[in-house]
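Notes for the structure review
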Amino acid sequence: MSVLRQRAAASSSEVSLHSPAASSAPDWLDSVIVGDCVAALERLPKASVDLIFADPPYNLQLGGDLTRPDQSKVDAVDDDWDRFDSFEAYDAFTRAWLLACRRVLKPTGTIWVIGSYHNIFRVGSIMQDLGFWVLNDIIWRKANPMPNFKGKRFTNAHETLIWASRDREAKGITFNYEAMKAFNDDLQMRSDWLLPICTGGERLKTADGDKVHPTQKPEALLWRVLTSSSKPGDVVLDPFLGTGTSAAVAKRLGRHFVGVERDSTYADYARERIASVERAPDDGLAVVMPKRAEPRVPFGSLIEAGLIRPGDRLCDARRRHVATVRADGSIAAGIVTGSIHKVGASVQGLEACNGWTYWHVEKQGALVLIDELRGRVRSELAAAGA
């Protein structure tokens, strides 16, 4: 029997972690499914998940024991689930689970796949063959990588994540750009992430002190994946759940999850781990929304709301230029009249100007940026629509 058929032969059984919040909730939501991922995903509805994080076997092709200079054995990945008879067998396995994932992924959904140089290039090629569209490759640069004990190669200090949409022309993909920029101290989040490997109290151990899983991923990595490309309430699928890092982070961040794991021991540890996680409160899960997603508020709305009155004077931060507000929402500076943007550009001798961030109005002796007043109107609109 081929490796692929052996992996698909196990019957799958579902282990529910939570009672459904409502009677209409599907029984697979917020659950761990024990069994082969391809067979398990066939039971899920088509286009039912928003985000997939996949940490498949890397097919490390290790031969013999790996030892340190002092001849002590390195606890490397030598489990049966990472062994394949050939590259062809691995490619067939990869194609099968990717097809299963593509079926359950929503048209607006995306998939993350992590791997090493042993497998990620083969996986990426197959993803493209199947119609996935690569959005980014992310380099997880490990702050504390395992040394290269034999000294015959460069120290392997990173893994690669592929982030892709289901289709080339996919619309409505979630990418929380502003949130990740705020996360990164108002700097654009780059595609190289410096994060430590899973160690210390986060690493799950057996009663004997051994690692439960050899490749447990750090929660910080999944935190960044989920906060960047999903929203509260989204469904996150992990077809190779392991000890449940993705599901634990999903629960904490207010996302739903479904995990598939063929090893029942790993599934038991995952179930216990997830059950101990507390969901963050709703007010802590709000995501910074992009300006283009906020309701459009014209300058005239500030006049209608009484935040600015006809005849008020606007000025720049240094009070060099002054303009008078008119009842129709235009402003006038000398002989120049028009929108806050047109007049702002004219008084500076520029071709364009963002009037919202240029003009101020005096309130109780202090200058207030008119963009702050726009924010109040937006807040009231949001409250009215809630």
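Further up the page is the structure itself.
To start, this report covers the structure provided alongside it. Values in this document were obtained by computation on a predicted structure and should not be read as measured data.

Turning our attention to the packing of helix 7 (residues 245–252) against helix 8 (residues 264–275). The contact between helix 7 and helix 8 brings their axes to 9 Å, and the two run at 15°. The orientation of helix 7 relative to helix 8 falls into the category roughly parallel. Crossing geometry of helix 7 relative to helix 8 is assigned as right-handed. Two secondary-structure elements touch here, helix 7 through Thr 245, Ala 247, Ala 248 and Lys 251 and helix 8 through Arg 273, Ile 274 and Ala 275. The class makeup of the residues in the contact of helix 7 with helix 8 is four nonpolar, one polar and two charged.

Our next topic: the side chain of Asp 312. Positionally, Asp 312 belongs in the loop between helix 9 (299–304) and strand 10 (313–315). The class of Asp 312 is buried, set by a relative accessible area of 15%. A polar atom in the side chain of Asp 312 sits 2.9 Å from the backbone nitrogen of Arg 309. Those residues in contact with Asp 312 that sit more than four places away from it in its chain are Ala 323, Thr 324, Val 325 and Val 361.

As a further point, take the pairing of strand 6 (residues 158–165). In terms of residue burial, strand 6 counts as a mostly covered element, since seven of its eight residues are buried. Alignment of strand 4 (residues 105–115) against strand 6, held across six bridges, turns out to be antiparallel. Note that in strand 6 the partner of Val 113 across the bridge is Ile 162. Pairing geometry for strand 5 (residues 133–142) and strand 6, over eight bridges, is antiparallel. Bridging from a neighbouring strand, Trp 140 pairs with Glu 159 of strand 6.

About the thresholds
- Residues numbered from 1 in each chain as written.
- Predicted model: local features only at pLDDT ≥ 70, side-chain atom pairs only at ≥ 80, totals over all residues.
- Heavy atoms only, no water.
- Axes fitted to C-alpha atoms, helices over the stretch in contact; angles between N-to-C directions.
- Helix = DSSP H or I, 4+ residues; strand = E, 2+ residues; numbered from the N terminus.
- Parallel < 35°, antiparallel > 145°, perpendicular 65-115°, else oblique.
- Left-handed = near helix turned anticlockwise from the far one by under 90°.
- Contact = heavy atoms within 4.5 Å.
- Nonpolar A, V, L, I, M, F, W, Y, C, P; charged D, E, K, R; others polar.
- Buried < 20%, exposed > 50% of the residue type's maximum accessible area, 1.4 Å probe, protein only.
- Polar contact = N/O pair within 3.5 Å; in protein donor to acceptor, adjacent residues only side chain to side chain.
- Pairing = 2+ DSSP bridges.

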